[in-house]
Structure formats: structure tokens, C-alpha cells
Amino acid sequence: MKLTLKIWRQKNAATEGKIVEYPIDHIEPDMSFLEMLDILNDELIMKGDEPIAFDHDCREGICGMCSLYINGEAHGPDRGVTTCQLHMRMFKDGDTIFIEPFRAKAFPVIKDLVVDRSSFDRIQHAGGFISVNTSGNTIDANTIPINKKDADTAFDAAACIGCGACVATCKNSSAMLFVAAKVSQYALLPQGRIEATDRVLNMVSQMDAEGFGNCTNTGACEVECPKGISLENIARMNREYMSASLKG
Amino acid sequence: MALDSKIPSGPISDKWTNYKDHINLVNPANKRNLDIIIVGTGLAGGSAAATLAELGYNVKAFCFQDSPRRAHSIAAQGGINAAKNYKGDGDSVHRLFYDTVKGGDYRAREANVHRLAEVSGNIIDQCVAQGVPLAREYGGLLDNRSFGGTLVSRTFYAQGQTGQQLLLGAYSAMNRQIGRGKVKMHNRHEMLDLVIVNGKARGIIARNLVTGEIERHSAHAVVIASGGYGNVFFLSTNAMGSNATAAWKIHKKGAFFANPCYTQIHPTCIPVSGDHQSKLTLMSESLRNDGRIWVPAKLEDAQAIREGKKKATDLSEVERDYFLERRYPAFGNLVPRDVASRAAKERCDAGFGVNKTGEAVYLDFAAAIQRYGNEQAYVKGLDTKDTKLVTKLGTEIVKSKYGNLFQMYYKIVDEDPYTSPMMIYPAVHYTMGGTWVDYNLQTTIPGCFSIGESNFSDHGANRLGASALMQGLADGYFVLPYTIGDYLAPDIKMGTISTDLPEFIAAEKAVKDQIDKFINNKGTHSVDYFHKKLGKIMWDKVGMARNEKGLNEAIVEIAALREEFYKEVKVPGDANGLNQELEKATRVADFLELGELFAKDALHRNESCGGHFREEYQTEEGEAQRDDENFAYVAAWEYTGKPSEAVLHKEPLVFDNVKLVQRSYK
């Protein structure tokens, strides 16, 4: 395949960025999108140019490190995948592909396509945990049975990889789906109920402080989420938040 | 220097308890006067950071990723073992201990493995208390499944994403401590050297990967939890960023490196599709519970399949060779990883491979779909003779068990594994070798500890499935917090260690010099060019099967490649900012040394065991031939300036509790 890539280049956070065009040839449909960028980078290095910086690590769809806004979609045109699992067979010979960083006020650009998502970490610091000591002296794991349905629903929420596609795709740059997934996971488990009130208040307050926008129930986040995290989580978080506010 | 493993005396089942009863403790008020650096925040580093901070120590944690949640532990799929015996199928601490020692081909340290088995149950309790959503049965209790190399169901899991859930558990425990200010987290930082003051590890030199700044960090102890070195092969199941730098830098500063040649080749990975490939993707071993592995029985069928003239589903039962079930009837498709991997390679080498390159075997779920479908139809009172219905019901069950793995396979290969068998091939996965540690998890450098995959102690020559997660968390949550306290007890009045000491200045200079050299080199090839070349030498000559000739060649070739690398590598950009090529260059420099030691270790070990298969040493049936008389030891290498001149130290392995026998899965 022969493609035209239009890629966002930005030296660092303090510099203005722009789209630069790169032609590329000999791309096989079996290649992943990131392998295609590897090839481009190798060509750039050989020409004496700086390669394009982008985040990636596990390349099997689970670490959440890869990002990329491809032709106006977080993680590109395929559904239910991260960028590292996006394959070039999704594109056609002669295509022009726009590649940009995830854009949001709370995700400042570090360089080229790399953004800073540490705001997600800070939301977790505010309450994304159960306050149990790591002493190993906890009760036997089977002492508290958990309804399989609840455990499975908690797992579905916990499957969030924290990639930030929900934020990147939301017209308000809202982090509601991400935060709701964490709130839901703990809210559904008996171990997490004990401090549920404080948790939801603290996490939501940190989310606001980080500069994420509000949720207007557009649902784009659910569509673009590579792990299929459902909007039900947002509804659950809203219920949790409402009840916590009344108690609070 | 003589190796002292510091294994406590007494019966094996009492060692850990007695040890804990007699170590030095640090008063809670004094813990806040002690700083600990932890490099790497996966299962081992993350759990250690959380636990040590909770105990009261000041923890400084470092990871090269943008968040600890991205550590490669997150990609572990299948599960975590624990001797809970919830199933009542005969499991016990002793049996987990025994299976692990046997599975490791009798090259692990008994005392460490027993301790691992003892604390395994606690891990599950701890994780459930943290809100890790492990799989449940309908009655609300935890579910288990079986894994390769064992005859009991002792593996706890969270669909095919167990590593993710356990890591997020450790990450959440860390987050709690970060929120309290007890863990200072340094994301996007890479350790580039260890600082030793008066013979003790007292700090590290790290590069801030965003600003390029070289930083000095001091502490009373340094813990390396940086994972394995499988990326020395370039193609592996490891994350692209996984590297050996932290472990290798401490080796160069005096930590012995043990058994580097023990590398696990995982049997169920997605085969290589072309030269462009950047990494390999693992499919969980749990698939072997229900998937049957086969190749065509006749060479002409294999050839027809490779040429696209026949499909897998065209072959009848008698035209298939279920080679694992044939060779190992007792364990069948559930033989340990080294055995399964070699058997697949043997068939492919003999010409029975089923993909274009001839390097793939089938993993077939058709029988499982029928079996589950029949059961479901029966339970629901439906017609068990309705094939379409049975297939539909069976597919649903298989989907509920392995759905995410099947989806991953589909996305990568573009073939539906529900209707045509998956193709799999072995790939480099986990490294059992690593920094040598004593029973305290301390390296040969006082105050420098190594935990999780970065140390060598618990898996022997082959790691059984679902035991890596167990070891990472055991070390971090339950072992290191005791042993490091014992070490730190005399340091309570020491006060903060200054980073202005000459040792810090010298180490920083060495790091800066190396970086300047790369930036100013202006060579002719990219870093990846060298990494791929190294990987090819490693796979061809130091891979699944090794022989004396190939290993000797590899040693020479790697040394030559290293020389060429320093002359010809090209690192664009500058050092003062994010520079991913520079990051790769410093890592590949270390792989180019480690690879040579790896081959040297494989060459000296004149036996086959676990993941180390020397072609000269095999039984008549083609199984690994161990030599317990001459090689029942840990090979711990001391750096003396060049990998080729590393000095071998031996820690004899004593087996008082498990009898050394030929490993058989027949």
C-alpha cells in the first residue's frame, strides 16, 4: 500500500505544533498501525530527521499506553481495539491518514503525539483504592461470597485500561467514563462499599480540578472505548454521587 | 567471593516462620527516617512500594512508563496459583512447592520455593480485600482452573486479564500511599546507574525521560524490580519498553547475574507474520485447558495446507496428529511449557508446520465446543443431536471463558478462531534467570535487592504457568518487607544520604558521557537495526535449541555486533528532552552485553534442563537430559569488565525435600 500520512509534529509543550505530510510506501495489510509508524521512523532516521514520538508499550492492547487520534477517531477506525491492535488492512491503497495526539486541556502535549495523562493517576490518588492494609493478615478470600453477576460487572468496569480515548473523543473532554469505571468497580464489591461515599466525592472533585469537562450524555466515549466500558457506569456513578452528596 | 545463600536452618516448613521470628525489626517511628528506592512498579515493585510505604518507610518509586499502571505485568493473562485447596482436589502447600520445583527441572532453590508456596494463599486474600474482581462461581465463592504442569485446579483468574487486575490492585494500594505522600512516584524516569557508597547501595542515577535531566536520588536501600530481559531476542512477548538496563547496571557494579540462559519459550503465541513484526503476542496458556494441539499426520497434507490448497477443517480425525496427547498421555495438552514448546518445534522442523512459513501448529477448539454444547443442550433439555444448536451453545461457553483472547486473535490474524483452529507457535516469554539473590532477596551488593522477574530464585529452569504473578506479589507484599527491615535496622540513625557525595558525581558523569557519546556518534544505522540483528543471532543460535558450535559462533558475533554498534549507531535529536531513540540506544547497549553472557552461560551448561535445551544432551526420545551430578547448581556470573570474561561462581543446589528424578509427564 502507498499512503499519505499527515502527522502532528510538536517539539515540546512550549512550542507550537503543525501537521507535516509524509508519503509512505510498501505497507502490508498484516502490519499494525504502530509497525507502520516504526517503518516511517526508520526512514526518517536514515534521512537524518527526527523520528515521530508516540507512546506505546505492550503492543497487545492491554497496557493502555498507545494513544493516537487517527482520521478524527481515538485509536482509529476499527471498533473495540487500541491503536497497537489496529491493522493496516483497515486502510486502502492511496489513503491519506491524519494522525494527531489525544487533545484535551487535561492531557497536555509533551512532544509530537505524546501527551501527559498523569491527571488520570491523580484522580486515582484521590480515592481509587480500598483502604486495606497490605499486611497479608486479611480474612480468607472466601469469607465474603460475592454474587457472580456483581463480580462480573465489577470486572467489566475494572477492565478499563486508562488510555484516555474517552476523553479524547468527547466533545467536552470529559473523563466521566474513566472515573465511573473505577467508582463502579469498587461500588459493586462489598469490600469497596465501606468508603464508597468519600471515594466518589473525592474522585469527582479531583476530576473537576484537573480540568476535564462535563458529561452531556453524548455517548461517544462508549463508542470509542477499546474495552467496551459501558455508559451504565456513568449512570451508576451519578447515583453514587447523588446519594453521597445527600449524605455528605 | 563465596556465595552465601543465607538459607535458614531447620525443617523446610519451619524456615520462614523461624526466620521471621528472629530478624531485626525497625521501630515504626524509625521507619520514617529510612528511604527506599524501588525501580520498576509492576507486580513486584508496585506491591513492594505500597507495603513498605504503609509500614512507614519513605519510598521513592521509578518507572519508565507514563504511569505504574502500564507495567508489563498488566499483560499476564491466565492466572495466579495459590495453595488454597478450595476445590478439595488434593492441593496443599507441599504440593505447590513440589510441582514448582519439579516443573523448574530441579534448578530452583527449595527454601525460596517453599516460602512462595506458603504465602501464596495470603496473596489471594490480600487481592480480594483490595477489590480485585477475581472470577466467581455461582455460589459466590472464588473459581479456579487448571494450568500446564499440574494435576490440580489451583489457578485463580480474572477472565484472560488476571495480570491486569492484580497489577491494578497493587497500583491502587500504591495510589493510596502516593495520596498520603509516603510514596513519591517518578513516572517517565529511567534508572541508568547504581550508586555505591562504602560498599553499600545508596542511590541511583536516573534520567527524566521528558526533560532529559539527569537526576541523583539517594536512599538507604535500592530495590530492583525491573522485570525480565526477554527483549534481548528483539521479538518476544514482552512490552516494547521492557529492558534489562537496571538489572544489568547493578551487575556491572557487582551484583552477580544468575542463570542468564534460562529463558522460557511460551508455547501458545501468535506466529510471526513477516519481517516488519515488532513483537509477538501471547495467547494465554489457559487455552490449553480446552484447546487440542495438532498438526497434519501426513506431510503432503501439511504441504497442501501451507500452499492454501487445503484447510484445517478438511482433515478428518485420523488425518490429524494430536502430538502432545500422543506423546504425553497423562498430561496431554497440559504438559509444562518447555515440553509443549519443544514438541511443537520438533513437528515443525520435521515439516508438519501449518502456516506459510511452516512455523505454526493448530490449537483447536472444535471438540470443546461440541463437548460444552452437548452438556448445555442436555442441561436445558434440548436436542443434543441438533449439531447447529449444539455448536451454538458450545460456542457461547467457549466465548464466556476465552472471549477476549479469541477477539485478540481475530484482530491480529484476521481469522475466526471459533470456526477454524488458531495457529500458534512458541515465542520468547519469561526469563527465569536474573540477578542472583540470597534468601533475603539481596544481591551480592549489600543494600541492593532484586525482586520479581528480575531475580532468579524461584522458578528454576522452567516457569510453570501462573507462577510469575505469584512470585512478583509474594516478593513485594510478603517477603521483602521482612527481609529489608532486617537489613535496615542498623541504619536508623544514619540520616538522609547526601547526593553530593563523590560517588554520585562520578556515577552521574559516567551516565552523561554515555549519552553524549550516543548523541554525537552520527553513525549509519538506527538502534533497531542493531537490536534486530542481535535478536536474530539470539533466536537462531541461543533460542529454543542450542549447541556448542552455534553458541561459540554467537559469542563471537555478538561481540562484533557490539563493536559495530558503538561505531555505527545513529541517535537523532538531542539529550535535553523526550528522545525515544536515545532511550532505546541505552537499553540496546546493555542487551548487547547481556546477550553475550547469556550465550556463555548456555555454552558452559553441558546439560539440558527446562527452557535450556542443548541438542547434545537429550534422551533417546528427544527429552531434555539433565546432569544432576555436575550441574545441580546456580551459575552466578561476576562482571569483570567484559561479558566474555565474566567469572563463574556456583551455588550448589541442595534438594532435601524433593527427590531428583527424571521429569516425566507421560
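Here's what I pulled together on the structure shown here.

Cut-offs applied
- Residues numbered from 1 in each chain as written.
- Chains lettered and ligands numbered in written order.
- Predicted model: local features only at pLDDT ≥ 70, side-chain atom pairs only at ≥ 80, totals over all residues.
- Heavy atoms only, no water.
- Core = buried A, V, L, I, M, F, W, Y, C linked by side-chain atoms within 4.5 Å.
- Buried < 20%, exposed > 50% of the residue type's maximum accessible area, 1.4 Å probe, protein only.
- Helix = DSSP H or I, 4+ residues; strand = E, 2+ residues; numbered from the N terminus.
- Contact = heavy atoms within 4.5 Å.
- Pairing = 2+ DSSP bridges.
- Axes fitted to C-alpha atoms, helices over the stretch in contact; angles between N-to-C directions.
- Phe/Tyr/Trp six-rings, centres within 6.5 Å; stacked < 30°, edge-to-face > 60°.
- Lys NZ or Arg CZ within 6 Å of the ring centre and 35° of its normal.
- Buried area = accessible area lost by both parts, 1.4 Å probe.
- Salt bridge = Lys/Arg side-chain N within 4 Å of Asp/Glu carboxyl O.
- Polar contact = N/O pair within 3.5 Å; in protein donor to acceptor, adjacent residues only side chain to side chain.
- Parallel < 35°, antiparallel > 145°, perpendicular 65-115°, else oblique.
- Nonpolar A, V, L, I, M, F, W, Y, C, P; charged D, E, K, R; others polar.

### A closer look at the nonpolar core
Turning to step 1, where the next piece is worked out: Grouped together as the largest cluster of nonpolar side chains are 127 residues, with contacts concentrated most on V179(A), F212(A), L52(B), I80(B), I124(B), L480(B) and I484(B).
Turning to step 2, where the next piece is worked out: The element contributing the most residues to this core is helix α13 (residues 468-488) of chain B, with eleven residues.
Turning to step 3, where the next piece is worked out: Setting aside chain neighbours within four positions, we find L52(B) in contact with I36(B), I38(B), Y57(B), V59(B), L480(B), P481(B) and I484(B).
Turning to step 4, where the next piece is worked out: Residues F257(B), I519(B), A575(B) and L597(B) belong to the second largest nonpolar core, which totals 61 residues.

### Considering the sheet that holds strand β16 (residues 434-435) of chain B
Residues and elements named next belong to chain B.
Turning to step 1, where the next piece is worked out: The strand order across the open sheet formed by four strands is β16-β10-β18-β19, and the pairing between neighbours is antiparallel. Strands at the two margins of the open sheet, each flanked by one partner only, are β16 and β19 (647-652).
Turning to step 2, where the next piece is worked out: When strand β18 (residues 633-638) meets β19, the two strands line up antiparallel, connected through six bridges. Note that in β19 the partner of A635 across the bridge is K650.
Turning to step 3, where the next piece is worked out: Along the sheet, helix α17 (residues 580-604) makes contact with β10 (257-258), β18 and β19, crossing β18 at roughly 145°.

### So, the packing of aromatic side chains
Turning to step 1, where the next piece is worked out: Counted by the stated rule, this structure contains 33 aromatic pairs over all chains.
Turning to step 2, where the next piece is worked out: Aromatic side chains F120(A) and F212(A) sit 5.8 Å apart centroid to centroid with 40° between the ring planes, which places their arrangement in the tilted category. On the criterion of sequence distance, the pair formed by F120(A) in helix α2 (residues 118-125) and F212(A) in the loop between α7 (196-209) and α8 (220-224) is long-range, its members being 92 residues apart.
Turning to step 3, where the next piece is worked out: A centroid spacing of 5.1 Å and a plane angle of 90° characterise the contact between Y529(B) and F530(B), whose relative ring orientation is edge-to-face.
Turning to step 4, where the next piece is worked out: On the accessibility criterion, Y529(B) (29% relative accessible area) is partly exposed.
Turning to step 5, where the next piece is worked out: With a relative accessible area of 0%, F530(B) lands in the buried category.
Turning to step 6, where the next piece is worked out: Cation over ring: K148(A) sits above Y138(B), and NZ or CZ is 5.4 Å from the ring centre.

### Some details on the interface of chain A and chain B
Turning to step 1, where the next piece is worked out: Contacts between the two partners involve 75 residues from chain A, matched on the other side by 80 residues from chain B.
Turning to step 2, where the next piece is worked out: Carbon and sulfur atoms make up 52% of the surface buried where chain A meets chain B, a total of about 6200 Å² over both sides.
Turning to step 3, where the next piece is worked out: If you sort the residues of chain A by the area they bury against chain B, E60(A), T134(A) and F155(A) come out on top, with a joint share of 12%.
Turning to step 4, where the next piece is worked out: Seen at the junction of chain A and chain B, the total is six salt bridges.
Turning to step 5, where the next piece is worked out: Residue R188(B) pairs with D55(A) through a salt bridge whose shortest N-O separation is 2.8 Å.
Turning to step 6, where the next piece is worked out: Scanning the region where chain A abuts chain B turns up 41 residue pairs in polar contact (both at pLDDT 80 or more).

### A short note on the environment of F97(B)
All names here are of chain B.
Turning to step 1, where the next piece is worked out: On the secondary structure map, F97 appears in helix α4 (residues 93-103).
Turning to step 2, where the next piece is worked out: On the basis of relative accessible area, F97 is assigned to the buried category, the value being 0%.
Turning to step 3, where the next piece is worked out: Through-space distance from the C-alpha of F97 to that of I178 is 35 Å; in sequence the pair is 81 residues apart.
Turning to step 4, where the next piece is worked out: Residue contacts for F97: discarding those within four places in its chain leaves I12, E110, V113, H114, A117, N657 and V658.

### Description of the side chain of S454(B)
All names here are of chain B.
Turning to step 1, where the next piece is worked out: Summarising the element assignment, S454 is placed in the loop between β17 (448-450) and α13.
Turning to step 2, where the next piece is worked out: For S454, the side chain forms a polar contact with the main-chain oxygen of I224, separated by 3.2 Å.
Turning to step 3, where the next piece is worked out: Reaching out from S454, the side chain makes a polar contact with the backbone oxygen of I451 at a distance of 3.1 Å.
Turning to step 4, where the next piece is worked out: The residues touching S454, leaving out its near neighbours within four places in the chain, are I224, A225, S226, G227, G434 and T435.

### Some words on the pairing of strand β12 (residues 292-296) of chain B
Residues and elements named next belong to chain B.
Turning to step 1, where the next piece is worked out: Extensive coverage of β12 is indicated by the burial of four of its five residues.
Turning to step 2, where the next piece is worked out: Here three bridges tie β12 to strand β14 (residues 361-364), and the two strands are oriented antiparallel to one another. What sits directly across from W294, in β14, is Y362.
Turning to step 3, where the next piece is worked out: In this sheet, strand β13 (residues 320-321) lies alongside β12 in antiparallel orientation, the contact comprising two bridges. Along β13, the bridge assignment pairs P296 with R320.

### Topic: unusual backbone geometry
Turning to step 1, where the next piece is worked out: The phi torsion at N71(A) lies on the positive side, around 45°, for a residue other than glycine.
Turning to step 2, where the next piece is worked out: In this fold, N71(A) is placed in the loop between β3 (69-70) and β4 (73-74).
Turning to step 3, where the next piece is worked out: Backbone geometry places L441(B), a non-glycine residue, at a positive phi of 70°.
Turning to step 4, where the next piece is worked out: Tracing the sequence through the fold places L441(B) in the loop between β16 and β17.
Turning to step 5, where the next piece is worked out: Residue classification places L441(B) among the buried residues on the basis of a relative accessible area of 0%.

### Looking at the packing of helix α11 (residues 366-379) of chain B against helix α12 (residues 387-413) of chain B
Residues and elements named next belong to chain B.
Turning to step 1, where the next piece is worked out: With their axes 7 Å apart at the nearest point, α11 and α12 run at an angle of 105° to one another. The pairing of α11 with α12 is recorded here as roughly perpendicular in orientation. Between α11, through I369, Q370, Y372, G373, N374, Q376 and A377, and α12, the contact on the second element is made entirely by T387, V390, T391, L393, G394, T395, I397, V398 and K401.
Turning to step 2, where the next piece is worked out: The residue makeup of the contact of α11 with α12, split by class, is seven nonpolar, eight polar and one charged.

### With respect to the packing of helix α15 (residues 527-542) of chain B against helix α16 (residues 548-568) of chain B
Residue and element names in this part refer to chain B.
Turning to step 1, where the next piece is worked out: Relative orientation of the contacting elements α15 and α16 amounts to 175°, with a least axis distance of 10 Å. Classified by the angle between their axes, α15 and α16 sit roughly antiparallel to one another. From α15, Y529, F530, K533, L534, I537, M538, K541 and V542 reach across to α16, where they touch G550, L551, E553, A554, E557, I558, L561, E564, F565 and E568.
Turning to step 2, where the next piece is worked out: A per-class count over the contact of α15 with α16 returns eleven nonpolar, one polar and six charged.

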